[in-house]
Amino acid sequence: MLDEPLTQLPGLGQKRAAILGERLGLKRVRDLLEVAPRSYVAPTRRFALGGELRDGAVHAIEGRVVQCAPRRGGRGVHRTELLLELPDGVRVCTTLFNQPWIARSAAPGTSMRLSGTAVAGRFWKLDKARVLDADDGPEQRAGLRPRYPQLAGVPRRALRRWIGVALEEIADEAVPSAVPPQLEAELGLPSRAAALRALHAPGDEGEAERARRRLALEELCRLRRRITLPAREAQTVEALRIDAALEARIRARMPFRPTADQDHAMAAVRADLARTRPMARLLIGDVGTGKTAVALYALLGAIGCGRQGLLLAPTEALARQHFETAQAWLRGSRVKCALLLGGGARGERRAASRGELDLVVGTHALLSCAPFRRAGLLAIDEQHRFGTRQKSRLHELTGGAHVLSMSATPIPRTWIHALWGNLEVSWLTTRPPGRQPVETQVLAHGEREQALAALRDALAREGRGLWICPRVRRGEEGAAAAVESARERLAEALPGRRLAALHGGAGAERIAEVVRAFREGELDLLVASSLIEVGMDFPAATCLVIEDADRFGLVQLHQMRGRIGRGQREARAILLSKSDEPAERLRFLEQEREGRNVAARDLVERGPGEVLGLRQHGWKRGRFFGGRKDLDLLEAVSRATFPSAATLS
């Protein structure tokens with residue numbers, strides 16, 4: 001019965017099955033078992049009479065409708081004002097919002113059942129009232145009653161009845177589980193069958209919560225099994241072995257001595273490249289921890305083994321910066337390098353594709369090249385800035401070469417792959433000696449003058465400042481409008497200071513000129529869009545103000561914070577909220593400075609996205625995962641052992 005289509009249930013025809021499929025993703029009878037209740041209500045022993053109502057207490061009442069008055073308010077709000085007379089003659093009034101259909105079934109004289117909070121006054125009111133279903137009458141059973149989603153065309157009582165039929169069919173052996181038995185025991189959670197029973201008929205809130213967590217664990221384990229991709233296990237590439245002589249030549253070109261973290265990361269990269277399974281390693285480290293140096297080590301290793309190295313960056317500014325660094329390392333070398341930008345020459349693109357160039361640094365322009373014949377390693381900086389389709393395209397162009405990704409704060413989708421082993425991870429945590437952590441402060445909307453005062457103080461100390469604006473509407477025009485408007489306001493507030501605007505609509509040449517002027521001290525303040533999130537190195541910048549910080553994600557905020565404090569001087573980041581009561585998520589950044597912890601918080605807030613699909617955030621059909629409060633389940637699943645090629649439907 002559980003594997004039968006929904007239409008096999010009595011009273012569930014094609015029309016209702018279509019609604020359940022479209023709204024809840026249900027196809028088979030067993031799918032009904034995982035319909036998550038919206039809430040639970042305690043059963044009532046009987047309906048309260050007027051003389052038993054208590055101010056502030058929750059009551060269920062049944063009475064005769066005396067008056068029913070539908071009202072239409074502003075902004076499309078519907079109100080239905082009801083007056084009920086209880087069996088002992090006491091009258092109770094209430095207002096139901098955005099349920100206009102109630103007026104059609106609540107004609108004077110009809111019987112109606114409601115529950116809500118009683119409010120005493122000149123006459124009784126029922127606050128936060130809801131209409132009870134026909135079978136929501138007085139109950140004698142113990143436990144909680146689940147409240148299921150309200151779907152137009154599918155009565156709740158019918159949905160409850162169908163779920164009851166499915167529950168009668170389940171047995172432990174009929175409910176397969178994706179959770180390893182040892183993990184279930186470790187966490188002290190019930191079996192899946194027991195959890196499904198408790199989900200729909202819990203004895204108390206504690207039992208309902210344990211059932212939810214067990215089913216959240218089921219979701220995570222299914223996802224965990226699926227992302228151990230068999231395709232990568234089966235794929236083979238040419239092994240690139242960095243021998244002692246090549247290692248010595250590469251290190252001789254480094255302008256500094258690597259940190260211990262960098263040494264460990266380079267050793268891991270060397271071991272990855274020596275295997276015939278393609279490397280899929282992620283370098284995670286905050287600004288200044290040396291991710292680029294490790295990437296250049298890997299690229300030169302691939303080049304030394306006779307293959308081509310590709311370095312992809314999300315912005316022209318960052319690509320130019322990497323190209324200049326590579327040229328400095330390779331001064332006097334025979335390695336042929338090229339920089340491919342949006343308007344790059346066709347000849348260079350053809351040469352890159354034919355393998356005539358050893359090291360190619362570029363932006364999205366690499367995506368328009370023909371397949372690379374000699375690609376050995378692809379390094380992707382700020383990998384979260386590239387979409388799933390773009391990464392898939394790169395995989396095709398490079399023939400499945402070794403891949404090294406870099407990020408200060410991985411997006412949730414990447415983080416879940418890293419957490420669960422589909423990406424090997426190298427952590428870079430050591431910062432250059434003497435570098436100070438960036439002090440972060442959150443200010444409310446009404447404290448804007450304090451942000452300006454901090455900026456004035458930084459400029460007076462011969463520092464430089466950044467003021468970041470959110471888009472006011474979609475597209476580059478929205479970014480430009482916000483930045484130009486803010487620049488005008490700040491020019492009035494900071495007379496005598498040299499300001500410039502920076503946004504994507506300015507064009508590559510203008511952006512490069514403004515960045516140069518700021519770095520060389522010809523400007524005091526940059527008023528910019530989130531364009532500066534990656535690829536901008538401003539060692540002299542000591543103050544950052546992010547306007548309407550609530551509009552940005554935690555990862556974005558942390559990335560922008562990394563634009564300052566890159567020198568030896570103290571730096572300060574101010575998150576200016578658009579609210580007079582800044583959100584707790586912003587306060588989190590006042591205390592947390594590690595990118596890995598910011599990424600973890602972002603994961604539990606936004607979910608990992610469709611890990612096998614295209615969306616890069618959100619939970620695909622995740623019914624039970626509870627975000628931050630289930631972080632321990634994520635960590636437990638990451639420790640568990642799963643068959644490498646297992647998949648579940």
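Residues numbered from 1 in each chain as written. Predicted model: local features only at pLDDT ≥ 70, side-chain atom pairs only at ≥ 80, totals over all residues. Heavy atoms only, no water.

Draft legend 1. The overall build of the protein, seen in detail. Along its length, the protein carries 21 helices and 20 strands. Sorting the 649 residues of the protein into buried and exposed places 51% on the buried side. The long-range share in the protein, meaning contacts at least 24 apart out of those at least 6 apart in sequence, stands at 71%. With an accessible surface of roughly 29,700 Å², the protein has 48% of that area assigned to carbon and sulfur atoms. (Helix = DSSP H or I, 4+ residues; strand = E, 2+ residues; numbered from the N terminus. Buried < 20%, exposed > 50% of the residue type's maximum accessible area, 1.4 Å probe, protein only. Contact = heavy atoms within 4.5 Å. Areas by Shrake-Rupley, 256 points an atom, 1.4 Å probe, with all protein chains shown as cover.)

Draft legend 2. Up close: the packing of helix α18 (residues 554-561) against helix α19 (residues 584-591). The N-to-C vectors of α18 and α19 enclose an angle of 35°; their axes lie 11 Å apart at closest approach. Where α18 crosses over α19, the handedness of that crossing is right-handed. Taken together, the residues of α19 that come into contact with α18 (itself represented by L554, L557 and R561) are R585, L586, F588 and L589. Taken together, the residues that form the contact of α18 with α19 break down as five nonpolar, no polar and two charged. (Axes fitted to C-alpha atoms, helices over the stretch in contact; angles between N-to-C directions. Left-handed = near helix turned anticlockwise from the far one by under 90°. Nonpolar A, V, L, I, M, F, W, Y, C, P; charged D, E, K, R; others polar.)

Draft legend 3. Just unusual backbone geometry, in detail. If you check the backbone angles, E462 has positive phi at about 70° while not being a glycine. In this structure, E462 sits in the loop between α15 (448-460) and β16 (464-468). What makes E462 exposed here is its relative accessible area of 70%.

Draft legend 4. Local environment of the pattern of salt bridges. Tallied over the full model, the rule gives 32 salt bridges. A salt bridge links R192 to E34; its shortest N-O distance comes to 2.3 Å. Residue R192 is found in helix α5 (residues 192-200), and its partner E34 is found in the loop between α1 (14-24) and β1 (39-41); the two are separated by 158 residues along the sequence. Taken individually, R192 and E34 each receive the classification buried, so the pair is uniform in this respect. Here the salt bridges share partners, and the residues they tie into one network are E184, R214, E218 and R222. (Salt bridge = Lys/Arg side-chain N within 4 Å of Asp/Glu carboxyl O.)

Draft legend 5. Here's a closer look at the sheet that holds strand β12 (residues 375-380). With parallel pairing, seven strands are arranged side by side in an open sheet as β10-β11-β9-β12-β13-β8-β14. Lying at the two open borders of the sheet, with one neighbouring strand each, are β10 (337-340) and β14 (424-428). The sheet shows a mean angle of 15° between the axes of neighbouring strands, taken without regard to direction. Summarising the sheet, strand β8 (residues 280-285) and strand β13 (residues 402-407) pair through five bridges and their orientation is parallel. The residue of β13 that forms the bridge with L283 is M406. Its contacts with the sheet put helix α9 (residues 260-273) on β8, β12, β13 and β14, and the angle it makes with β14 is roughly 160°. (Pairing = 2+ DSSP bridges.)

Draft legend 6. Structural detail: helix α12 (residues 346-354). Restricting attention to buried positions, one finds in α12 the residues R349, A351, A352 and S353. Each element contacted by the buried residues of α12 is listed here: β9 (308-312), β10 and β11 (359-362). Directly beyond the C-terminal end of α12, a positive phi value near 85° is found at G355.

Draft legend 7. Inspection of the environment of V58 at higher detail. In this structure, V58 sits in strand β2 (residues 58-72). Through-space distance from the C-alpha of V58 to that of L126 is 8.9 Å; in sequence the pair is 68 residues apart. With sequence-adjacent residues up to four places away left out, V58 is seen in contact with G116 and T117.

Draft legend 8. Seen up close, the environment of G51. Within the fold, G51 resides in the loop between β1 and β2. For G51, the residues in contact, after removing those within four places along its chain, are D88 and V90.

Draft legend 9. The arrangement of the sheet that holds strand β3 (residues 78-85) in detail. Judged by pairing direction, the barrel is mixed, and its five strands sit side by side in the order β2-β3-β4-β6-β5 before closing back on the first. Neighbour to neighbour, the strand axes of the sheet diverge by 50° on average, direction disregarded.

Draft legend 10. Structural view of the pairing of strand β19 (residues 541-547). Most of β19 is tucked away, with seven of its seven residues classed as buried. Strand direction decides the pairing type here: β16 and β19, joined by five bridges, are parallel. Within β19, the position partnered with I468 by the bridge is I546.

Draft legend 11. The arrangement of the nonpolar core in detail. By size, the foremost hydrophobic cluster in this structure holds 45 residues, and its most contacted members are L20, L32, L159, W162, L183 and L217. The set of elements that each furnish at least two residues to this core consists of α1, α3 (156-169), α5, α6 (205-227) and α21 (631-639). With six residues, α6 is the largest single contributor of residues to this core. When neighbours within four sequence positions are excluded, L159 is seen to be in contact with L20, L32, Y148, P149 and V154. (Core = buried A, V, L, I, M, F, W, Y, C linked by side-chain atoms within 4.5 Å.)

Draft legend 12. Seen up close, the side chain of D381. Tracing the sequence through the fold places D381 in the loop between β12 and α13 (388-397). Within the buried core, D381 has no salt-bridge partner, and the shortest N-O distance to an opposite charge, that of K291, equals 5.9 Å. Only 2.6 Å separates the side chain of D381 from the side chain of H322, close enough to count as a polar contact. Sequence-distant contacts of D381, that is, excluding residues within four places in its chain, are made with L312, P314, L318, H322, F386 and M406. (Lys, Arg positive; Asp, Glu negative; His and termini not counted. Polar contact = N/O pair within 3.5 Å; in protein donor to acceptor, adjacent residues only side chain to side chain.)

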